[in-house]
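The primary structure of each chain is shown beneath.
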Amino acid sequence: MLKRIHHVGVVVSDLEAGLRFWQHTLGLAFTKSAMIAEQGVRAALLKVGESEIELLEPINPDGGVAKFLARRGGGLHHICFETDDVARELEAAKAMGIQLIDQHPRDGLAGLICFLHPKATRGVLVEYAQPIEE
Ligand code: CO
């Protein structure tokens, strides 16, 4: 079951400049940041109420996020829904014939994650995340 919007992903050309706006100007609380090599990004999470904003700066010019930035100039990138069981949600999406980006869950900043293909979701890139208890 999808429980809530966990975060909204936003592509920025410069993570520090992004943090200056989202953290310092708007006052959202910084949660964590990390290099996620397999997604070709540096990412940061900022908390706002029960949800978060995820900033993504491309570090690999061949990655999807770099292409998005080049084509669209940054901005809204994806919506992430929280679930208790990302593998089960992925199997359910597969069974419904939804085109996927990830065939299996993988590690992301928000926990165990996977992406559905925007062609199958009316143009909105959708992520599922199962947060990992820390
Ligand atoms: Co995300």
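Asks: Got a minute to help me understand the pattern of salt bridges in this structure?
Replies: Pairing between side chains of opposite charge can happen when the charged atoms of each approach one another. Applying the stated criterion across every chain, the model contains 7 salt bridges. Among the ionic pairs, E82 bridges to R4, the shortest N-O distance being 2.7 Å. Taken together, the positions of E82 in strand β5 (residues 75–83) and R4 in strand β1 (residues 2–11) put the pair 78 residues apart, joining distant regions of the chain. The class of E82 is buried, set by a relative accessible area of 10%. For R4, a relative accessible area of 28% corresponds to the partly exposed category. The partner of D102 in a salt bridge is R106, with the nearest N and O atoms 2.7 Å apart.

Asks: What exactly am I supposed to notice about unusual backbone geometry here?
Replies: With phi around 60°, R122 is a residue other than glycine that occupies positive phi space. For R122, the position within the fold is in the loop between β7 (111–116) and β8 (125–130). A residue is classified by how much of its surface remains accessible, and R122, at 83% relative accessible area, is exposed.

Asks: Could you clarify how one ought to interpret the coordination of the cobalt ion in this entry?
Replies: Metal coordination angles in their ideal form are 109.5 degrees for the four-donor tetrahedron and 90 or 180 degrees for the six-donor octahedron. Only H7 (NE2), E54 (OE), H78 (NE2) and E127 (OE) from the protein coordinate the cobalt ion, and they sit 2.0 to 2.1 Å from it. Bound by 4 donor atoms, the cobalt ion shows angles of 88 to 171° at the metal and therefore irregular coordination geometry. Here the donor residues of the cobalt ion are spaced in sequence according to H-x46-E-x23-H-x48-E. You can see E54 sitting in strand β4 (residues 51–58) and its partner E127 sitting in strand β8, a full 73 residues away along the chain. The exposure classification of E54 matches that of E127, with both residues buried.

Asks: So what exactly am I meant to see when it comes to helix α3 (residues 86–95) here?
Replies: Quick reminder: α-helices carry 3.6 residues per turn. Residues three or four places apart thus point the same way. Restricting attention to buried positions, one finds in α3 the residues V86, E89, L90 and A93. Buried positions in α3, seen along its axis, are confined to an arc of 100° and lie on one side of it. The inward-facing, buried residues of α3 abut β1, β5, β7 and β8. Residue D85 occupies the N-cap position of α3, its side-chain oxygen lying 3.3 Å from the main-chain nitrogen of A87. Of the residues trailing α3, G97 is marked for its positive phi of about 75°.

Parameters at a glance
- Residues numbered from 1 in each chain as written.
- Predicted model: local features only at pLDDT ≥ 70, side-chain atom pairs only at ≥ 80, totals over all residues.
- Heavy atoms only, no water.
- Salt bridge = Lys/Arg side-chain N within 4 Å of Asp/Glu carboxyl O.
- Helix = DSSP H or I, 4+ residues; strand = E, 2+ residues; numbered from the N terminus.
- Buried < 20%, exposed > 50% of the residue type's maximum accessible area, 1.4 Å probe, protein only.
- Donors = N, O, S within 2.8 Å, 3.2 Å for Na, K, Ca; no water.
- Tetrahedral: all angles 85-135°; square planar, octahedral: opposite > 155°, others 65-115°.
- Arc of directions from axis to C-beta.
- Contact = heavy atoms within 4.5 Å.
- Polar contact = N/O pair within 3.5 Å; in protein donor to acceptor, adjacent residues only side chain to side chain.

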